[in-house]
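# What the coordinates show
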Amino acid sequence: MLTNSYLEYFLTLLGWVVNNGLWNILITTGLFAAPVAFRLIGIWLKVREEGEDEGNKGALSIPRMEHAIYSSFLVMIACCMPLMNVDMSTIKYDTSRAQSCGTWTPKAPDDTGYSPVISSINDQTAAAPVWWYLIHKLAKGITQASVATIPCRPDMRQLRFEVQHTRINNKSLAEELQDFTNDCYSLALYMWKRQDQGQTKDKVTLRDIEWIGSKTFLSNYYGSLQSKTPRAEFAWNESRDSGRPDTGRGGYPTCSEWWNKADSGLQARVVDQADPGLWTRLSAAMTMIGGNAADYKEAIIRRLVSPESLTVSQGGHVYAGYGGNADFTLDNSVSRVAAIGGTALGSLAAFPAFDAMRQALPMVQAVLLMAVVVILPLILAFSAYEIKTVITLTFVLFALNFLTFWWELTRWLDSWLLTALYSSDTHSSFNMAGFQNSSDDLIMNFVMATMFLVLPAVWMGALSWAGIRIGGALDGAFRNGTAKVEQSGGEAVNKMKSTVKM
C-alpha cells in the first residue's frame with residue numbers, strides 16, 4: 001500500500017485496525033446477519049403484495065431470495081472479510097515524484113515528528129478485504145500515473161516560503177554584519193561617491209551597490225579596507241596588520257577576506273544559517289527551470305543580510321505566508337498598506353489563511369480516508385450488503401485518493417506563474433521568484449490560492465455527472481475541515497485591519 005503524506009502513512013494502518021475491530025464486533029454478536037434477514041423478509045413481503053397475475057409466488061420468491069443471499073455473501077467475502085495483511089512493513093511512503101523530478105529527498109516517516117505515533121502502533125497488524133485492497137492499489141496507481149503526466153517543476157511557493165522565514169539567529173553574527181557595514185560597506189560607498197561614480201545611471205551597478213556583498217566594492221575597494229577590530233577567525237598577519245596592535249585575539253582581515261573566506265567568511269556563515277536542504281532544493285530547482293543558481297543564491301543572501309531581515313531576526317517576527325514578502329516593508333509600513341488599498345489590506349489576513357489551508361488540505365484528505373475505511377463494514381451492513389453501495393464507496397475512495405493529482409496540478413500552475421511572472425519584464429530581473437517583493441501581484445495570489453479548493457470542487461461536482469452523489473458531501477467535508485484553519489490563520493491580522501481602518 002502506498003501513501004502520499006506522512007499523516008496518511010500511519011492513519012492507513014490505524015483505519016484498518018479499527019475497521020477489523022468493528023467487523024469482529026459484527027461477527028461475534030451475529031449482527032452481521034441481521035441486515036440479510038431483514039432483506040429476505042422485505043423480499044417475501046414484496047412478493048406477497050404482488051397480484052395473482054405475477055404467477056407462482058413461491059417460485060418467484062425463491063430465486064429472488066437466492067440472489068439476495070448470494071450477492072450479500074459475495075459482498076461480505078470481497079468487501080468485509082479481512083484477508084490481505086496490512087502493517088507498517090507493507091505500507092510505503094510514495095517518493096516516486098520526488099525521485100523522478102529530483103527536487104528533494106523526503107525523509108522516511110520514522111525519521112519525522114510522527115515517529116512516536118508510528119512506533120506506538122508499529123506492533124499492530126490488520127488486514128484489508130480483497131476488493132478495497134485492489135481499489136487502493138488501483139486508485140494510487142492511477143493517481144501516480146496522472147501526477148507523472150504533469151511536467152516536473154519545483155514548488156517555488158514553498159521554496160520562497162522557506163527563504164522568507166529563514167532567520168539569522170546567531171546574535172554575534174548579526175553584530176559582526178553590522179561591524180562589516182560600518183568598517184567596509186559605508187567607507188566603500190563613500191569612496192565610490194568621491195570618485196565621481198555617484199553620477200552613474202547604470203541600473204546594474206546601482207542595484208549591485210545596494211548591499212554589503214557588492215561585486216563592485218569587492219573588486220575595487222574591499223581589498224584595501226580592513227576591519228577596525230581584531231577577528232578571532234583570522235590569524236595575525238604581519239604584512240597585512242602591521243601598525244595595528246596585536247592583542248592576541250586575531251588579526252585584522254581585509255574586507256574582501258572578511259566577506260569571502262571559505263568557512264569562516266561572513267558570506268559562508270550567512271549561508272550556514274539556512275537549512276542545507278534549502279540550497280539543495282534551490283540548485284535542483286534552477287537546473288529544472290533553467291535558472292542561474294548563483295544568482296538565486298545571491299538573492300537569498302541579500303535578503304538574509306538586509307536591514308529589514310536583521311531587524312526581524314533579532315527583534316521581532318513578521319508573518320510572510322502565501323503571498324509572501326521578503327523585505328517585510330508591506331507588513332511593517334501601515335502607510336504603505338493604506339496606499340496599496342483594500343486588496344492588499346485583505347491579503348494580510350487572507351495569505352496566512354491560504355497558507356494554512358494549503359498545508360491542511362492533505363491532512364484533511366488523510367483523515368477522511370481513515371474515516372471512510374473505518375466505517376466501511378458499518379455502511380455495508382446498514383445497506384444490507386447492496387452491490388450499489390459497494391460501487392458508491394468505491395468511487396468515494398477513488399475520488400479522495402485522486403485529490404492528490406489536483407493539488408499537484410495547482411502547485412505546478414502556481415510555480416509556473418511565479419517563474420513566468422518574475423522572469424519577465426513585468427518585474428525587475430533581480431526580484432527572482434518575488435524573493436524581494438514588497439507589493440506582490442495580489443490578484444494572482446488570490447486566484448491561485450483558491451484553486452486548491454476550486455479544482456477539487458470541480459472534480460467532486462463532475463462525479464455527480466456520472467450519477468455518483470458524493471460530490472457535495474466530500475466538498476463540504478473539505479471546506480468544513482479547512483475552514484477553522486483558514487479562520488485561525490487570518491484571525492490575528494483581522495484585528496490589525498480594524499485598527500488600520502479606524
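Residues numbered from 1 in each chain as written. Predicted model: local features only at pLDDT ≥ 70, side-chain atom pairs only at ≥ 80, totals over all residues. Heavy atoms only, no water.

You'll find the protein entered in an unreviewed UniProt entry as Conjugal transfer protein TraG, with Candidatus Pantoea communis given as the organism.

Now for the packing of aromatic side chains. Scanning the model with the defined rule gives 16 aromatic pairs in all. Ring centres of Phe 402 and Trp 406 lie 6.2 Å apart, and the angle between their planes is 80°; on these two criteria the pair is classed as edge-to-face. With a gap of four residues between them, Phe 402 and Trp 406 both fall in helix H20 (residues 387-422), about one helical turn apart. Cluster of aromatic residues (ring-pair linked, three or more members): Phe 180, Tyr 185, Trp 211, Phe 217, Tyr 221, Tyr 222, Trp 258 and Trp 259. Here the guanidinium or amino end of Arg 244 rests over the ring plane of Tyr 252, the centre of that ring lying 6.0 Å away. (Phe/Tyr/Trp six-rings, centres within 6.5 Å; stacked < 30°, edge-to-face > 60°. Helix = DSSP H or I, 4+ residues; strand = E, 2+ residues; numbered from the N terminus. Lys NZ or Arg CZ within 6 Å of the ring centre and 35° of its normal.)

Overall, the coordinates contain one disulfide when judged by the stated rule. The partner cysteine of Cys 184 in its disulfide is Cys 255, sulfur to sulfur 1.9 Å. Judged by the sign of its S-S torsion, about -85°, the cystine formed by Cys 184 and Cys 255 is left-handed. One end of the pair, Cys 184, is in helix H8 (residues 171-194); the other, Cys 255, is in helix H12 (residues 255-260), with 71 residues separating them in the sequence. Each member of the pair, Cys 184 as well as Cys 255, carries the same accessibility label: buried. Unpaired in terms of disulfides, Cys 79 finds its nearest cysteine sulfur in Cys 80, a separation of 6.3 Å. (Disulfide = S-S within 2.5 Å. Buried < 20%, exposed > 50% of the residue type's maximum accessible area, 1.4 Å probe, protein only.)

Quick look at the nonpolar core now. Ranked by size, the top nonpolar core spans 64 residues in total, and within it Trp 16, Trp 132, Leu 380, Tyr 385 and Trp 459 carry the most contacts. Among the elements of the structure, helix H1 (6-29), helix H2 (34-49), helix H3 (57-80), strand E4 (126-128), helix H6 (130-148), helix H19 (342-382), H20 and helix H21 (442-465) are those that each provide at least two residues to this core. Broken down by element, this core gets its largest block of residues, 13 residues, from H20. Setting aside chain neighbours within four positions, we find Tyr 385 in contact with Trp 23, Phe 32, Pro 35, Val 36, Arg 39, Ser 71, Ser 72, Val 75, Met 76, Cys 80 and Leu 380. In this structure, Met 156, Ile 168, Trp 258 and Leu 418 belong to the second largest nonpolar core, which totals 38 residues. (Core = buried A, V, L, I, M, F, W, Y, C linked by side-chain atoms within 4.5 Å. Contact = heavy atoms within 4.5 Å.)

By the secondary structure assignment, Thr 3 is in strand E1 (residues 2-3). With a relative accessible area of 0%, Thr 3 lands in the buried category. Setting aside anything within four residues of it in sequence, one finds Thr 3 in contact with Glu 8, Tyr 9, Thr 12, Ile 91, Lys 92, Tyr 93, Asp 94 and Lys 140.

Another aspect to go through is unusual backbone geometry. We note that Asp 263 has phi near 70°; this positive angle belongs to a residue other than glycine. Of note, Asp 263 is situated in the loop between H12 and helix H13 (266-271). The exposed category is assigned to Asp 263, whose relative accessible area is 67%. Even without being glycine, Ala 384 reaches a positive phi, approximately 60°. With respect to the element layout, Ala 384 can be found in the loop between H19 and H20.

Moving on, we come to the pattern of salt bridges. Overall, the coordinates contain ten salt bridges when judged by the stated rule. Among the ionic pairs, Arg 39 bridges to Glu 386, the shortest N-O distance being 3.9 Å. Linking Arg 39 in helix H2 with Glu 386 in the loop between H19 and H20, this pair joins segments that are 347 residues apart in sequence. On the basis of relative accessibility, which here comes to 18%, the residue Arg 39 falls in the buried class. Residue Glu 386 is classed as partly exposed on the basis of its relative accessible area, which comes to 31%. Arg 207 serves as the salt-bridge partner of Glu 210, at 3.1 Å between the closest nitrogen and oxygen. When its relative accessible area of 19% is taken as the criterion, Arg 207 is described as buried. (Salt bridge = Lys/Arg side-chain N within 4 Å of Asp/Glu carboxyl O.)

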